[in-house]
Amino acid sequence: MGVAKELIVSKIKDGTVIDHIPAGKAFEVLRVLGIKGSEGLRIAIVINADSTRFGRKDIVKIEGRFLSKEETAIIALIAPTATINIIRNYEVVEKRKVSPPKIISGLIKCPNATCITRHEGILTTFELLSGELRAKCIYCGMEIPYDEFIDIILKQLGK
Amino acid sequence: MFSPVTTLLPQLYEKSFNILVVLDYGVLMNDLLAQFRHRDVISMLDFNRDELEFLFRLTDRMLDSINEYRDLLKGKVLAIAFFEPSTRTRLSFESAMLKLGGSVIGFSSEESTSVAKGERFSDTIRMLDSYADALVIRHRYEGSAKLAAEIAEHPVINAGDGRNEHPTQAMLDLYTLYRLKGGIERLSIGIIGDLKYARVVNSLLYGLTIFKPRKLYLISHPLLKLRDEVRRFISSKGLQFEEVFDVNEVISELDVLYVTRIQKERFPDPLEYEKVKGSYRVTADLVRRGKEDLLILHPLPRVDELDTSLDGTRHAGYFKQASFGVPLRSALLALILGGLTSGCS
């Protein structure tokens, strides 16, 4: 039996569709949103769907859930190509293209134990060096690769 | 009587700042003076070539005739807040300020302050900011000077923040190369020692991305290699360098050997320190195999990495280097705290 050409996922009434996620990153997006599956939300996850632009892509549809600014910023780091569609009554009422932030401020503590911010009890600011896929603490200068940085964010946010 | 609104700077330019002679230096000098005034000194990366050369020329001037500026900063107060021990940097800042007629307040250890009672760093900075016209800060944590500069209204000078930077040391290192070697671009420079934790190395390398030497060797034990972020940064700025583990391989090529101490106090693990302790030593025997005019520099203090038998030789530039700390810091304070004008509008 051949592989079906189309995968039908029903429309959602109210909620969020995150489209054009780089293939294989859908579960990381769910982690950002703190979704483990036991919340009772109706969720559709499509992995490795065909994409004319990217070849393959992932899609996440979530019924009854909208994204905060903070969540959108972190999704932009993981999935810089993503588009976020807000759905109300089956219609797309807003379409947002994410753009990776240049700075992430006041979200997490610096992982460097000898960064002054750690000892002053303040959250630090990271500058995102997009060309090098690294994040840099603007105080101590510590640089962290993006994937590690995202992991630190998610851990510190308890996700 | 000497006027603080000095017109000596145009003479200074005509005398030694050749690069700018072809330009309308009066206007440019006003720009440079404005760029320095009330400025924080947090990282070497904040400075460009024109600004550093301008600082060096004023340092020449301070070195030759600091007496002419003896009332320049009269009535100004410099707060020196050293949360970490220091001899040269602290005393040279004090001397630099006093020679310009200013006053100094401050402390040189946490034990003698309310920090020992648990006072927050930011509260200490706020207090000093209200007492002084500028702050010089040394602290064991990276980013302390930057945070202080955000809190303080007055200019903050970084005199060393953890393993991060020590920009005024790098300024005086570069000045020493200008003064004793006549420039930097033609030099083959080796930097040996603790390239991982020595903040002076980071600041010096950032400075060398501006004044690119002909050849640069980074010489260290494998465990003391330059940190990745610094290596990546200097590479991105087009600074060519070679990393070597044995100074013997390159000693004959060097014009300058910059020696650093192993920063024992910054090792998170004492066992790591034990592995590298005594792993290099600059001796008379090594220097004999170098060029006739090999110049040895060291930011000091030294422990055992630089043999005292070299002190009396023509190669020893480190005491001269330390002596430039006062005129260079005088020049910097004069520029930051004002009082100098070009006499041009």
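Parameters and conventions
Residues numbered from 1 in each chain as written. Chains lettered and ligands numbered in written order. Predicted model: local features only at pLDDT ≥ 70, side-chain atom pairs only at ≥ 80, totals over all residues. Heavy atoms only, no water. Helix = DSSP H or I, 4+ residues; strand = E, 2+ residues; numbered from the N terminus. Buried < 20%, exposed > 50% of the residue type's maximum accessible area, 1.4 Å probe, protein only. Contact = heavy atoms within 4.5 Å. Areas by Shrake-Rupley, 256 points an atom, 1.4 Å probe, with all protein chains shown as cover. Phe/Tyr/Trp six-rings, centres within 6.5 Å; stacked < 30°, edge-to-face > 60°. Lys NZ or Arg CZ within 6 Å of the ring centre and 35° of its normal. pLDDT = per-residue confidence, 0-100. Buried area = accessible area lost by both parts, 1.4 Å probe. Salt bridge = Lys/Arg side-chain N within 4 Å of Asp/Glu carboxyl O. Polar contact = N/O pair within 3.5 Å; in protein donor to acceptor, adjacent residues only side chain to side chain. Axes fitted to C-alpha atoms, helices over the stretch in contact; angles between N-to-C directions. Parallel < 35°, antiparallel > 145°, perpendicular 65-115°, else oblique. Left-handed = near helix turned anticlockwise from the far one by under 90°. Nonpolar A, V, L, I, M, F, W, Y, C, P; charged D, E, K, R; others polar. Pairing = 2+ DSSP bridges.

### Concerning the overall build of chain B
Thinking step 1. A tally of regular secondary structure across chain B gives 13 helices and nine strands.
Thinking step 2. Burial status across chain B gives 58% buried among its 345 residues.
Thinking step 3. The long-range fraction of contacts in chain B, counting pairs at least 24 apart against all pairs at least 6 apart in sequence, stands at 73%.
Thinking step 4. As displayed, chain B has an accessible area near 14,000 Å², and 49% of this comes from carbon and sulfur atoms.

### Description of the packing of aromatic side chains
Thinking step 1. Under the counting rule described, the total for this entry stands at 14 aromatic pairs over all chains.
Thinking step 2. With a centroid separation of 5.9 Å and an interplanar angle of 55 degrees, the aromatic rings of B:F56 and B:Y175 are classed as tilted. One end of the pair, B:F56, is in helix 3 (residues 49-65); the other, B:Y175, is in helix 7 (residues 167-181), and 119 residues separate them in sequence. As far as the burial class goes, B:F56 and B:Y175 line up, both buried.
Thinking step 3. Ring centres 4.7 Å apart and planes at 55 degrees place the aromatic pair B:Y197 and B:F267 in the tilted group. With B:Y197 in the loop between strand 5 (188-192) and helix 8 (199-208) and B:F267 in the loop between strand 8 (256-259) and helix 10 (270-276), the pair connects residues that are 70 residues apart, well separated along the chain. For the pair B:Y197 and B:F267, a shared accessibility class is recorded, and that class is buried.
Thinking step 4. Put simply, the rings of B:F56, B:Y175, B:Y178, B:F211 and B:F324 pair up and form one aromatic cluster.
Thinking step 5. When the ring centre of A:F66 is taken as reference, the NZ or CZ atom of A:R88 above it lies at 4.2 Å.

### Considering the confidence of the model for chain A
Thinking step 1. Of the residues in chain A, 95% reach a pLDDT of 70 or more, and the chain-wide mean stands at 89.
Thinking step 2. Across chain A, the element-wise mean pLDDT spans from 86 in helix 2 (residues 69-78) of chain A up to 96 in helix 3 (residues 116-120) of chain A.

### Structural notes on the confidence of the model for chain B
Thinking step 1. A residue-level look at chain B finds 90% of positions with pLDDT of 70 or above and a mean pLDDT of 89.
Thinking step 2. Across residues 13-25 of chain B, confidence stays below pLDDT 50; counting only partners more than four residues off in sequence or on other chains, it has 20 contacts.

### Side note on the interface of chain B and chain A
Thinking step 1. Counting residues at the interface gives 15 residues for chain B, matched by 15 residues for chain A.
Thinking step 2. Where chain B abuts chain A, roughly 1,400 Å² becomes buried across the two surfaces, and 50% of that area is made up of carbon and sulfur atoms.
Thinking step 3. Contact with chain A buries area across many residues of chain B, yet B:Y141, B:E142 and B:R232 alone supply 38% of it, more than any other trio.
Thinking step 4. Where A:E143 meets B:R232, a salt bridge forms, and the shortest distance between an N and an O atom there is 2.9 Å.
Thinking step 5. Where chain B meets chain A, there are nine residue pairs in polar contact (both at pLDDT 80 or more).
Thinking step 6. Those elements that place two or more of their residues in the side of chain B that touches chain A are helix 5 (121-131), helix 6 (144-151) and helix 9 (228-236) of chain B.

### Focus: the side chain of B:T168
Residue and element names in this part refer to chain B.
Thinking step 1. Within the secondary structure, T168 sits in helix 7.
Thinking step 2. Separated by 3.1 Å, the side chains of T168 and R329 make a polar contact.
Thinking step 3. Setting aside anything within four residues of it in sequence, one finds T168 in contact with V41, F93, I157, N158, L328, R329 and L332.

### A word on the pattern of salt bridges
Thinking step 1. By the definition in use, this model includes 38 salt bridges over all chains.
Thinking step 2. One salt bridge connects B:D228 with B:R231, and the closest N-O pair in it is separated by 2.7 Å. Within this pair, B:D228 and its partner B:R231 are both found in helix 9, separated by three residues, close to a single helical turn.
Thinking step 3. We classify B:R231 as buried; its relative accessible area is 18%.
Thinking step 4. Taken together, the shared-partner salt bridges connect A:R31, A:D151 and A:K155 into one network.

### Things to note about the packing of helix 5 of chain B against helix 6 of chain B
Axes are the key here: two packed helices are described by the angle between their axes and the distance separating the axes.
Residue and element names in this part refer to chain B.
Thinking step 1. Interhelical geometry of helix 5 versus helix 6 gives an angle of 50 degrees and a closest axis separation of 9 Å. Here helix 5 lies oblique to helix 6, going by the angle between them. The chirality of how helix 5 crosses helix 6 is right-handed. Seen from helix 5, the contacting residues are F121, S122, I125, R126 and D129; seen from helix 6, they are S144, L147, A148 and I151.
Thinking step 2. Residue composition of the contact of helix 5 with helix 6, grouped by class: five nonpolar, two polar and two charged.

### Digging into the pairing of strand 7 (residues 125-129) of chain A
Residues and elements named next belong to chain A.
Thinking step 1. With respect to burial, strand 7 is a largely interior element, four of its five residues being buried.
Thinking step 2. Inspection of the sheet shows strand 6 (residues 103-105) paired to strand 7 by three bridges, in the antiparallel sense. Following the sheet pairing, I103 is matched in strand 7 by E127.
Thinking step 3. Direction of pairing for strand 7 relative to strand 8 (residues 134-137): antiparallel, over a ladder of four bridges. Residue F126 lies in a different strand from strand 8, and its bridge partner there is C137.

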